[in-house]
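For reference, the chains in residue letters:
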Amino acid sequence: MNTVRLRFLFVLLVIPALAFAAPADNPDAVVGRWLSSKKKNQVLIYKQGDRYFGKLVWMLEPTDVSTSKPKLDKLNPQVQLRHRPLLNLPIMTNLLYKGNNVWGDGQIYNPEDGKTYGCELTLRDANTMEVHGYMMGMRFLGKTITWTRVP
C-alpha cells in the first residue's frame, strides 16, 4: 500500500472513533440547561466558586390544574418551605468536580417525593449526562437517570 492510501485509511478509521470519545476533562462542561429523563423539566446547572448547583428553570406543567396557580413544593419535609413555587427552585447543591467528567459529593432534591439524596453526575458525551441519586451515602442504594443537554 502506498502512503496516500495508508493516510486515507487512517483518517477513515480514526476520525469517526474520535467522535465517540469521552469529552475532554473540563470541570465546567456540565454547566448549562439539561432536560430531565421524563422530558417534563429542565434544570440549569451553574457554578458558584468551585461548586456546581442546579435549579428547576422550566416545567412542562408549571401550574396546578386545580388552582391555576404555580405548582408548589408541597411534599417538602419542612412545613415552612411547602409554599415555595417549584419553578426556579434549587434542586442540586454543592457538587464538586472529581475529574474524568464526574461531579459528586453533592445533593439532589426530588420535589416529587420531598426527599434529598446524595448525587453524582457523569458526563457521557457533550450532550448526555447520567444523574445518579442515592440514599444514606451508599451509591449502590440509588438510581441513575439520563438527562440531555438543551441546545
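Everything discussed here concerns the structure shown above.
Since we're looking at a predicted model, the values are computed, not measured. (Residues numbered from 1 in each chain as written. Predicted model: local features only at pLDDT ≥ 70, side-chain atom pairs only at ≥ 80, totals over all residues. Heavy atoms only, no water.)

Caption draft 1: Fine view of the side chain of E120. With respect to the helices and strands, the residue E120 is situated in strand β6 (residues 115-125). Only 3.1 Å separates the side chain of E120 from the side chain of R139, close enough to count as a polar contact. For E120, the contacting residues outside a window of four places in its chain are V102, W103, G104, E130, V131, H132, Y134 and R139. (Helix = DSSP H or I, 4+ residues; strand = E, 2+ residues; numbered from the N terminus. Polar contact = N/O pair within 3.5 Å; in protein donor to acceptor, adjacent residues only side chain to side chain. Contact = heavy atoms within 4.5 Å.)

Caption draft 2: Representation of the nonpolar core in the model. In terms of nonpolar packing, the biggest core is built from 24 residues, with I45, M92, W103, L121, M129 and W147 touching the most fellow members. Contributions of two or more residues to this core are made by β2 (41-48), β3 (51-59), β4 (90-99), β5 (102-110), β6 and β7 (128-135). Beyond its immediate sequence surroundings of up to four residues, M92 is in contact with V43, I45, F53, G54, Q107, I108, C119, L121 and W147. (Core = buried A, V, L, I, M, F, W, Y, C linked by side-chain atoms within 4.5 Å. Buried < 20%, exposed > 50% of the residue type's maximum accessible area, 1.4 Å probe, protein only.)

Caption draft 3: Structural detail: the packing of aromatic side chains. Counting across every chain of the model gives three aromatic pairs. Measuring from ring centre to ring centre gives 6.0 Å for Y46 and F53, while their planes differ by 20°; the resulting arrangement is stacked. The class of F53 is buried, set by a relative accessible area of 14%. Judged by centre distance (6.4 Å) and plane angle (80°), the ring pair of Y52 and W103 falls under edge-to-face. Within this pair, whereas Y52 is found in strand β3, its partner W103 is found in strand β5, the two being separated by 51 residues in sequence. Since its relative accessible area comes to 1%, Y52 is described here as buried. One aromatic cluster in this structure is built from Y52, Y97 and W103. (Phe/Tyr/Trp six-rings, centres within 6.5 Å; stacked < 30°, edge-to-face > 60°.)

Caption draft 4: Expanded view of the sheet that holds β3. Pairing in this closed barrel of eight strands is antiparallel, and the strands run β1-β2-β3-β4-β5-β6-β7-β8 around the ring. When strand polarity is set aside, the average angle formed by the axes of neighbouring strands in this sheet is 35°. In this sheet, β2 lies alongside strand β1 (residues 32-35) in antiparallel orientation, the contact comprising four bridges. The partner of G32 across the bridge, within β2, is I45. (Pairing = 2+ DSSP bridges. Axes fitted to C-alpha atoms, helices over the stretch in contact; angles between N-to-C directions.)

Caption draft 5: Highlighting the pattern of salt bridges. Overall, the coordinates contain nine salt bridges when judged by the stated rule. With a closest N to O distance of 3.5 Å, K38 and E112 form a salt bridge. With K38 in the loop between β1 and β2 and E112 in the loop between β5 and β6, this residue pair connects regions lying 74 residues apart in the sequence. By the burial criterion, K38 is exposed, and E112 matches it. Between K98 and D105 there is a salt bridge; the shortest N-O distance is 2.5 Å. Taking relative accessible area as the criterion, D105 reaches 41% and is therefore assigned partly exposed. (Salt bridge = Lys/Arg side-chain N within 4 Å of Asp/Glu carboxyl O.)

Just distances and angles here, no functional claims.
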